[in-house]
Amino acid sequence: MLSFRPVAALLALALLPAVSGAADDVGALRAELQALKNDYGARVDALEARIQQLENQPATTADVPPVPEPRVASVPNASAFNPAISLILGGSYTSTSRNPEDWNIAGFPPSGGEVGPGERSFSLGESELTFAASIDPYFSGQLTAAITGENEIEVEEAFVRTTALPDGFTAKLGRFFSGFGYLNEVHAHAWDFVDQPLVYQAMFGGQSRQDGVQVKWLAPTDLFVEFGAEVGNGDSYPTSRGTHNGLNAATLFAHVGGDAGDYTSWRLGLAWLDGDAEEREGGIADAAGAPLFQTFTGDTNTWVVDGVLKWAPSPRRQLKLQGEYLRREESGDIADGVGVLLADDYRSTQSGWYLQSVYQFAPRWRVGARYDSLDSGTPRYTLAPDGLLSSDPDRLSLMLDWNPSEFSRLRAQYDWDNARDDGESDRILRLQYVYGIGAHGAHKY
Amino acid sequence: MKNSLRLLALLMFTGVLPAHAALKVLATTPDWGALTREIGGERVDVYVATTALQDVHRVEAKPSLVARARSADLVVATGAELEVGWLPVLIQESGNSRIQPGAAGYFEAASALKLLEVPSKLDRAMGDIHPQGNPHVQLDPHNIAAVAHALTAKLSALEPAQTAYYAARGKDFDARWAEAIKRWETKAAPLKGESVVIMHRDQAYLCHWLGLNEVASIEPKPGVPPTASYLGQLVTKLTNAPPRLILLNAYNDAKPANWLSARVHAPAVVLPFSVGGSPEAKDLFGLFDDTIDKLLAAK
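Position numbers for residues count from 1 along each chain, tracking the sequence in the order it is written. A letter from A marks each chain and a number from 1 marks each ligand, given out in the order of writing. A pLDDT threshold of at least 70 governs which residues receive local features in this predicted model, and a stricter bar of 80 or more applies before side-chain atom pairs are shown or counted, although totals over entire chains, interfaces and linings include all residues.

A.B. asks: How should the interface of chain B and chain A be read in this particular structure?
C.D. replies: Contact definition: two residues whose C-beta atoms, as placed from backbone geometry, lie within 7 Å. Counting residues at the interface gives 38 residues for chain B, matched by 38 residues for chain A. The element contributing the most residues to the side of chain B that touches chain A is helix α3 (residues 63-71) of chain B, with seven residues. Under the scheme applied here, ten amino acids are nonpolar (Ala, Val, Leu, Ile, Met, Phe, Trp, Tyr, Cys and Pro), four are charged (Asp, Glu, Lys and Arg), and all others, including Gly, are polar. Among the residues making up the side of chain B that touches chain A, the classes are represented as 14 nonpolar, 13 polar and 11 charged. By definition, any uninterrupted DSSP run of H or I lasting at least four residues is a helix, any uninterrupted run of E lasting at least two residues is a strand, and each is numbered from the N terminus.

In structure tokens:
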């Protein structure tokens, strides 16, 4: 028993201050207890009221959808963060009245790239593979690779985009289709015709791409007003990638758009691409088809005015009208195949436009017409002071497509093509299929 | 000079201090627009991206919508991939970090609901199916009530200083809506068990709510228009047991439904489907009043 004494003493010591303190605070404790009681009383009242309310509700409220249970996978799922993947399968059958190998655009230097009607008979088109996902709360990323029928893989676009910049700013970093013009940003599977308008083929070899940075700003107005600027390495026709540090291509663009009534929407654009070409290959050919020069080094700048109007009076009918006018000025040196300077005062002004219209006349059917026209101008230099002969290639295309669903499209297109420098026309029939699998893509306007 | 100075001062004043500073809301459908107005009252400035006469699956990210998304404080969408063909582009092009999915200014109605028809298997051979379930949720008023609760919470979270305002309006709407549901359910009781042919899966929630018995669908698969042979089979099937009603929505093509109606001798009823889908469907209450009136009148 003795052994308990020190313990009891210790206990007493330990409790002493607490007891004396408590004696002082009894009033405060009482108040606190009362507050707690009041609080719980109020809560119980609220709960009772709620039960009462629930009981009074009609029996059908049992149908009220419950809050969905959290769908948490019990097993860690490494693939849960995989990006959205979509794949486009495409191909065509081509029949031409003339040999497609001698196809060219009269009066324009060859732009390289995907131009012309393509090879005869069946051809596998580009299989377009896109991966896209958010990277973190600040960026999203996308890769679009084209696997060509010739068993090559080409990176069409690979960029990251900001999602958290304030005040209407977005920036892209990487390789992307330039915001120049209307059709330039549209991927091949979403085109309304099998190929690009002649003016895009002549001036960009298809589409203008930037390996660089793009910054866009959208004005805080009800009218859509957007400005953008891009700088890049210029590794896309008509500019070329230089040997020096710095930038070889810069683009400025502005878009404005809105609605006109309930059914009509529109967008207008203006853009300017300025850059340098260094020993860019490909010269204008003479009347006999022989190139007058081999390389060009100098300034190149291109303007575009573009417009699109869509009228959709019902979910099953839509009319789309679009057109673009491009004008390019170049000045600089031209040289022959071994680099001997032919002239240092080469100047050319070339232009072209297209106008097209596509009408969806039934839920799955669309018909379209497009007219292309180019003006090669009269490029001049010391040896040809009066200028080269001008050409004005043109083309008319008609198309019909059938879209069994959002993911499949079969198309027929017929062209009367007067692009060649001999002035004789080519008649081209193309049958095309475009199918999409995987993630549901969302298209730009 | 004095006048122009005054004008300048006015411009600066209005530019710096926008009157009322209402919350700008971009609603994807007229129904969510109407619901946001019910709860937000004068504190919200709502722009609705689509009309009842559009197919919300097939809307374009047109410039006017991108411009509205730019200045929106809140996007009210259905979710469950209903707007997958255009809303992601709209948000991406908007340059507006407040409304990015996952940000505070992005709200999906589907997040407050348990969806019907969640597919157990995903294959596009089955037509336009939605992995998270049928997204056409608005024609069950209990869904509207659940979304109203979630939306009240969202608006309060965006403007904590106005919580009392939103809570009061939410409560008021809740009470009026509960009463209206009671009225509609009593009125529509005779419709229970009636056989109907529907157009697309977007009438599923209406049928579920009213206990209508779906016997066939004019679309053989979601989003797939009927072929002549499919319609022929439908006529054969329905001639022996004609449905009481054929339902279609204001935005649908009436031809297949009318064609079927003439052959199986059942009336085709055009329902408003969304707020604005008929002159009577001016708001959410009107939408349900009119839907039930039209169903009862045709029966």
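Text resumes after the structure shown.
A.B. asks: Before we go on, may I ask you to explain the confidence of the model for chain B in this structure?
C.D. replies: Close inspection of predicted coordinates is inappropriate for parts of the model with low pLDDT. All names here are of chain B. What pLDDT conveys is the predictor's confidence in a given residue, as a value from 0 to 100. Of the residues in chain B, 93% reach a pLDDT of 70 or more, and the chain-wide mean stands at 92. Here residues 7-19 is a poorly scored stretch, pLDDT under 50, and it has zero contacts once near neighbours within four places are set aside; other chains count. Across the interfaces of the predicted complex, the ipTM metric reaches 0.88, alongside a pTM of 0.85.

A.B. asks: Help me out: how do you make sense of the environment of Ser156 of chain B in this one?
C.D. replies: All names here are of chain B. Within the secondary structure layout, Ser156 lies in helix α5 (residues 141-158). We call a residue exposed when 12 or fewer other C-beta atoms sit within 10 Å of its C-beta, buried when the count reaches 20 or more, and partly exposed for counts in between; the C-beta positions come from the backbone. For Ser156, a count of 18 C-beta atoms within 10 Å gives the class partly exposed. With 116 residues separating them in the primary sequence, Ser156 and Gly40 have C-alpha atoms 9.6 Å apart. Apart from residues no more than four positions distant in its own chain, Ser156 is found in contact with Gln162, Thr163, Tyr166 and Ala167.

A.B. asks: Looking at this model, I keep getting lost on the environment of Thr295 of chain A. Mind explaining?
C.D. replies: Residues and elements named next belong to chain A. Take Thr295: it is sitting in strand β11 (residues 295-314). C-alpha separation for the pair Thr295 and Gly339, spaced 44 residues apart in sequence, amounts to 7.8 Å. In this structure Thr295 touches Glu279, Arg280, Glu281, Ile334 and Ala335, once residues within four positions along its chain are discounted.

A.B. asks: Whenever I open this one, the environment of Phe288 of chain B confuses me. Can you help?
C.D. replies: Residues and elements named next belong to chain B. Within the secondary structure, Phe288 sits in helix α10 (residues 284-298). For Phe288, a count of 26 C-beta atoms within 10 Å corresponds to the buried category. Expressed as a C-alpha distance, the spacing of Phe288 and Gln138, which sit 150 residues apart in the sequence, is 10 Å. Excluding anything up to four places from it in sequence, Phe288 contacts Pro141, Ala180 and Trp184.

A.B. asks: Got a minute to help me understand helix α6 (residues 163-187) of chain B in this structure?
C.D. replies: Given 3.6 residues to a turn, an α-helix orients residues that are three or four positions apart in the same direction. For a helix, the expected span equals 1.5 Å multiplied by the residue count minus one. Taking 1.5 Å per residue, 25 residues should reach 36 Å; α6 of chain B reaches 35 Å between its end C-alpha atoms and fits that length. Against the buried residues of α6 of chain B lie α2 (30-40) and α5 of chain B.

A.B. asks: Can you help me understand the domain arrangement of chain B in this one?
C.D. replies: By a widely used convention, the size of an interface equals the accessible area lost when the partners come together. Residues and elements named next belong to chain B. All domain edges in this entry derive from an automatic or database-based domain assignment. Each assigned domain of chain B is listed with its residue range as follows: domain 1 (2-177) and domain 2 (188-298). If you average the C-alpha positions of domain 1 and of domain 2, the two centres end up 28 Å apart. Every contact between the two is made by 26 residues of domain 1 and, on the other side, 23 residues of domain 2. Those elements that provide at least two residues to the side of domain 1 that touches domain 2 are α2 and α5.

A.B. asks: When you look at unusual backbone geometry in this model, what are you seeing that I'm missing?
C.D. replies: Glycine aside, a negative phi is what most residues show, and trans is what most peptide bonds show. Looking along the chain, the bond that leaves Tyr237 of chain A and enters Pro238 of chain A is cis, with omega of 10°. Within the secondary structure, Pro238 of chain A sits in the loop between β8 (224-232) and β9 (249-260). Backbone geometry places Asn151 of chain A, a non-glycine residue, at a positive phi of 65°. Residue placement: Asn151 of chain A occurs in the loop between β4 (139-147) and β5 (153-162). Look at Asn151 of chain A and you get exposed, because 7 C-beta atoms sit within 10 Å. Positioned with a positive phi, His265 of chain B is a non-glycine residue whose angle comes to about 55°. Tracing the backbone shows His265 of chain B in the loop between α9 (254-264) and β8 (268-271).

A.B. asks: Hey, could you run me through the sheet that holds strand β3 (residues 74-77) of chain B in this one?
C.D. replies: Adjacent strands of a sheet pair through backbone hydrogen bonds, lying either parallel or antiparallel. Residues and elements named next belong to chain B. The criterion for strand pairing is that DSSP finds at least two bridges linking the strands in question. Pairing in this open sheet of four strands is parallel, and the strands run β2-β1-β3-β4 from one edge to the other. Single-partner strands in this sheet number two, and they are β2 (44-48) and β4 (106-108). Averaged over neighbouring strand pairs, the angle between their axes works out to 20° when direction is ignored. Lines are fitted to the C-alpha atoms to define the axes, a helix being fitted only along its stretch in contact, and any angle between axes, read from their N-to-C directions, falls within 0 to 180 degrees.

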